Number of protein chains: 2
Amino acid sequence: MIDSITIKAVKSRLGELCKSKRQSYDMSQQDLGDALGLSRYTIQKFESGKNATLDTVLKIANHFGLLQSIFKGVNQVVDEQNDISLY
Amino acid sequence: MIDSITIKAVKSRLGELCKSKRQSYDMSQQDLGDALGLSRYTIQKFESGKNATLDTVLKIANHFGLLQSIFKGVNQVVDEQNDISLY
DNA sequence: TATATTTGTGTACTATAATAAACAATTATG
DNA sequence: CATAATTGTTTATTATAGTACACAAATATA
């Protein structure tokens, strides 16, 4: 049986991504929070896989230059939805 | 000048994606809310580009079979981070 | 056109994400 | 080792996402 990805797993992975990106820029949780107008605690909780708001996630993604690729990813899903009739 | 993608634009696009996916399954906002244990109002606000929680977004994504690809996308970013030294 | 369904919006309330501050436990750095 | 910086965690408070209900506007269906 192939176990499917859970929402919890995605949140954990997103937290890990934030941590690795942050560390690659030699930033502390405090530094990142300050840069985004968020508290250190919000960063801390997000990195440990807790729930957060979309705004928080997108602010972090934007700071690490990932917003464009997210936007493209979303558009791709919408497009492939509309292209089904062509197959 | 190339105008960069904004957080607001991404939220709007995510809302549009939810709406188009939902309609492709012939579901009302109420139907989707019921299926996910969310209120119709939460779906309504998300589809109109308002802020939401990560849980809400991932529940919706999961319902439309998009969780796996989100997980892969996150992993890709982490991987390309670690592979920089190979170039 | 009439009726039913869906959607947009408002208000009041509840749950929880986010803030702020403090302190202990880790993890660098001298 | 010492000490400085960072991180994990707690408590209290504030802001806001989410719920529930109602009703009007818009859309679909008879």
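Rules behind the numbers
- All residue numbers refer to position in the chain's written sequence, counted from 1.
- Chain labels run from A onward and ligand labels from 1 onward, assigned in the order the entries are written.
- Totals for whole chains, interfaces and linings use all residues, but because this is a predicted model, local features are given only for residues with pLDDT of at least 70 and pairs of side-chain atoms are given and counted only at 80 or more.
- Here the side-chain values reflect all heavy atoms present in the structure, with hydrogen atoms and water set aside.
- Residue contacts follow a heavy-atom distance rule, with two residues in contact if any of their heavy atoms lie within 4.5 Å.
- Here's the idea: put two parts together, see how much 1.4 Å probe accessible area each one loses, and the total over both is what we call buried area.
- In the sections that follow, a salt bridge refers to a side-chain nitrogen of Lys or Arg positioned within 4 Å of a carboxyl oxygen of Asp or Glu.
- By the criterion applied in these results, polar contacts are pairs of N or O atoms within 3.5 Å in which, for protein atoms, one can donate a hydrogen and the other can accept it, and in which residues neighboring in sequence qualify only through two side-chain atoms.
- Segments assigned H or I by DSSP are reported as helices when at least four residues long, segments assigned E as strands when at least two residues long, and all are numbered from the N terminus.
- Type-normalised accessible area, obtained with a 1.4 Å probe on protein chains alone, sets the label of each residue: buried when under 20%, exposed when over 50%, and partly exposed for intermediate values.
- Note that the arc is computed from the directions linking the helix axis to the C-beta atoms.
- When at least one non-hydrogen atom of a residue lies within 4 Å of a molecule or strand, that residue is treated as near it.
- All amino acids are sorted into three groups, where Ala, Val, Leu, Ile, Met, Phe, Trp, Tyr, Cys and Pro are nonpolar, Asp, Glu, Lys and Arg are charged, and the leftover types, Gly among them, are polar.
- When the copies are superposed, the least-squares fit takes in the C-alpha atoms of residues with a pLDDT of at least 70 in both.

Per an unreviewed UniProt entry, chain A carries the name Helix-turn-helix protein and comes from Flagellimonas meridianipacifica.

**Q** Describe the interface of chain B and chain A, and please don't skip the residues or the numbers.
**A** Tallying the contact residues gives 31 residues for chain B and 31 residues for chain A. Both sides together, the interface formed by chain B and chain A hides about 3,100 Å², and carbon and sulfur atoms give 71% of it. Remark: the boundary between chain B and chain A carries two salt bridges. With a shortest N-O distance of 2.9 Å, B:K11 and A:D55 are connected by a salt bridge. Taken together, the links from chain B to chain A amount to eight residue pairs in polar contact (both at pLDDT 80 or more). For the side of chain B that touches chain A, the secondary-structure elements that each account for two or more residues are α1 (7-24), α4 (54-63) and α5 (67-82) of chain B. Considering each element in turn, the side of chain B that touches chain A owes the most residues, ten residues, to α1(B).

**Q** How would you explain helix α2 (residues 29-36) of chain A if you had to name every residue and give the values?
**A** Residues and elements named next belong to chain A. Q29, L32, G33 and L36 are the residues of α2 that are buried. The arc that holds every buried residue of α2, seen down its axis, measures 100 degrees, which confines them to one face. Tucked into the core, α2 has its buried residues touching α1 (7-24), α3 (40-47) and α4 (54-63). Looking one or two residues beyond α2, the residue adopting positive phi is G37, at roughly 70 degrees.

**Q** A description of the protein's contact with DNA strand D should follow, citing residues and the corresponding values.
**A** Neighbouring DNA strand D are 16 residues, the closest being A:R22, A:R40, A:Q44, B:T42 and B:T56. Taking all atoms of DNA strand D within 4 Å of the protein, the share assigned to sugar and phosphate is 61%. Between DNA strand D and A:R22 there is a distance of 2.7 Å, counted from a phosphate oxygen to a side-chain nitrogen or oxygen. The separation between a base oxygen of DNA strand D and a polar side-chain atom of A:R40 is 2.7 Å. For the surface near DNA strand D, the secondary structure elements donating two or more residues are α3 of chain A together with α3 (40-47) of chain B. Of the residues contributing to the surface near DNA strand D, the split by class is four nonpolar, nine polar and three charged.

**Q** Can you lay out the relation of the copies chain B and chain A for me, pointing to particular residues and giving the numbers?
**A** After a rotation of 180 degrees and a shift along the axis of 0.0 Å, chain B superposes on chain A with an RMSD of 0.0 Å. On the angle and the small slide along the axis, the relation comes out as a two-fold axis. No C-alpha of chain B lies nearer the rotation axis than that of B:T53, which sits 2.0 Å from it. An overlap of 100% is found between the interface residues of chain B and their copies at the interface of chain A, pointing to a shared contact surface.

**Q** Residues and numbers for α4(A), please.
**A** Turning to α4(A), its buried residues are A:L54, A:T56, A:V57, A:L58, A:I60 and A:A61. Two residues or fewer after α4(A) comes A:G65, characterised by a positive phi angle close to 70 degrees.

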